[in-house]
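Residues per chain are reported as follows:
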Amino acid sequence: MKFFLDTANRDEIRQAVALGVLDGITTNPTLVAKEKRPFREHILEICEIVKPGVVNAEVVSTDTEGMLREAHELAGWHPNIVVKVPMTLPGVQALHVLAREGVRVNVTLVFSAAQALIAAKAGAYFVSPFLGRLDDVAQSGLGLLREIVEVYRAYNFPTQILAASLRHPIHVVEAAKMGAHIATMPFKVFEQLFKHPLTDRGLEGFLKDWEKAREVLGEIVEPAGARKGGR
Ligand code: E4P
């Protein structure tokens with residue numbers, strides 16, 4: 001499973017890159033607006049930080065012509081940019097054109113298996129079901145993901161399933177168990193994946209015991225020049 005960070009914040013992205021398990025970024029107009037910087041400059045900077053990972057950048061036009069203009073512009077900025085278009089009729093028309101041109105498109109704001117089926121048939125590179133937002137309206141986000149995985153497997157669609165709007169580690173683990181290709185998550189959820197209270201407690205115990213016996217144990221790394229008869 002690939003991990004994407006759902007953020008446009010450069011500090012968060014740098015921290016995640018340093019951990020070595022990040023495969024890409026998803027942004028949306030809300031996330032980008034929070035950063036208060038020129039869009040092109042900001043996206044290009046993210047591309048450099050996360051390369052060779054992909055960066056998903058979204059169009060804001062709502063008509064097909066406008067989406068196509070913006071998509072061509074975005075795709076031309078950097079080879080690692082994937083263009084996000086919303087799951088609307090104009091969005092699918094734009095997808096149809098872009099897919100034939102070889103532009104990679106992420107169909108976003110997907111809330112039903114029917115929408116995911118349409119996105120795959122029209123040539124989406126990624127499809128983004130929003131799990132958390134479905135949970136918010138008392139429907140099952142993971143249930144939707146299960147349906148999409150089943151439909152895509154039945155027809156061997158090449159479209160990659162990008163589980164989005166993830167709110168906690170259980171979303172990520174369940175999505176991985178179902179075989180979703182990608183999970184995109186906020187930095188907070190990404191950090192939570194690394195942590196367990198028993199890891200912290202266990203380490204604390206080990207270090208206390210080591211400290212008590214330190215005089216006998218010595219140092220793992222002796223100060224320079226201190227080792228007798230050493231190499
Ligand atoms: C994905 O591409 C979206 O930006 C994102 O997952 C939306 O998540 P939210 O529901 O936390 O805003």
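Refer to the structure above for everything that follows.
These numbers come from a predicted model, not from an experiment.

A. Local environment of the environment of threonine 184. Locating threonine 184 in the fold gives a position in strand β8 (residues 182-185). Exposure remark for threonine 184: the relative accessible area of 1% places this residue in the buried category. For the pair threonine 184 and aspartate 23, spaced 161 residues apart in sequence, the C-alpha separation works out to 9.7 Å. Excluding residues within four positions of it along the chain, threonine 184 makes contact with Phe4, Leu5, Asp6, Thr26, Leu162, Ala163, Ala164, Ser165 and Leu166. From its side chain, threonine 184 meets the backbone nitrogen of aspartate 6 in a polar contact 3.5 Å long.

B. Examining the site of the ligand more closely. The ligand sits among Asp6, Thr26, Asn28, Lys84, Phe130, Arg133, Ala164, Ser165 and Arg167. A distance of 2.7 Å is found between an oxygen atom of the ligand and a backbone nitrogen or oxygen belonging to serine 165. Within the side chain of arginine 167, a nitrogen or oxygen atom sits 3.0 Å from an oxygen atom of the ligand. Alone, the ligand offers 340 Å² of accessible surface; in the complex the protein occludes 86% of this. Its residues assigned to classes, the shell around the ligand comprises 2 nonpolar, 3 polar and 4 charged.

C. Just the layout of surface pockets, in detail. Taken as a whole, the largest pocket spans an internal volume of roughly 260 Å³. The element contributing the most residues to the lining of the largest pocket is helix α2 (residues 29-35), with 3 residues. Partitioned by chemical class, the residues of the lining of the largest pocket number 5 nonpolar, 7 polar and 5 charged. Of the volumes computed, that of the second largest pocket is approximately 170 Å³. Taken together, 16 residues line the second largest pocket, and the ones lying closest to its centre are Leu22, Asp23, Pro52, Gly53 and Val54. Here the residues of the lining of the second largest pocket sort into 10 nonpolar, 3 polar and 3 charged.

D. Quick look at the nonpolar core. Ranked by size, the top nonpolar core spans 60 residues in total, and within it Leu5, Ile25, Val107, Leu145, Ile161 and Met185 carry the most contacts. Element by element, the count of residues in this core is highest for helix α8 (residues 141-155), at 6 residues. Once residues within four sequence positions are removed from consideration, valine 107 is found in contact with Val85, Met87, Leu95, Ala119, Ala124, Phe126, Val127 and Ser128. By size, the runner-up hydrophobic cluster in this structure holds 8 residues, among which are Phe4, Val54, Phe130 and Ala164.

E. Summary view of helix α11 (residues 197-212). Taking 1.5 Å per residue, 16 residues should reach 22 Å; α11 reaches 23 Å between its end C-alpha atoms and fits that length. α11 sits mainly on the outside: 0 of its 16 residues count as buried.

F. View of the pairing of strand β6 (residues 126-129). Of the two faces of β6, the one lined by Phe126 and Ser128 and the one lined by Val127 and Pro129 are each fully buried. A crossover links strand β5 (residues 105-110) with its parallel partner β6, the connecting element being helix α6 (residues 113-121), and its sense is right-handed. As judged from the 2 bridges shared by β6 and strand β7 (residues 160-163), these two strands associate in the parallel manner. The partner of phenylalanine 126 across the bridge, within β7, is glutamine 160.

Rules used in this analysis
- Residues numbered from 1 in each chain as written.
- Predicted model: local features only at pLDDT ≥ 70, side-chain atom pairs only at ≥ 80, totals over all residues.
- Heavy atoms only, no water.
- Helix = DSSP H or I, 4+ residues; strand = E, 2+ residues; numbered from the N terminus.
- Buried < 20%, exposed > 50% of the residue type's maximum accessible area, 1.4 Å probe, protein only.
- Contact = heavy atoms within 4.5 Å.
- Polar contact = N/O pair within 3.5 Å; in protein donor to acceptor, adjacent residues only side chain to side chain.
- Near = heavy atom within 4 Å.
- Areas by Shrake-Rupley, 256 points an atom, 1.4 Å probe, with all protein chains shown as cover.
- Nonpolar A, V, L, I, M, F, W, Y, C, P; charged D, E, K, R; others polar.
- 1 Å grid on protein atoms, 1.4 Å probe; cavity = no way out; pocket = protein on both sides within 12 Å on 5 of 7 lines; lining within 4 Å.
- Points joined across faces, edges and corners; volume = space filled by probe spheres on them.
- Core = buried A, V, L, I, M, F, W, Y, C linked by side-chain atoms within 4.5 Å.
- Expected span 1.5 Å × (residues − 1).
- Right-handed = clockwise from strand over helix to strand, strands pointing away.
- Pairing = 2+ DSSP bridges.

Any functional reading would require information beyond the geometric quantities listed.
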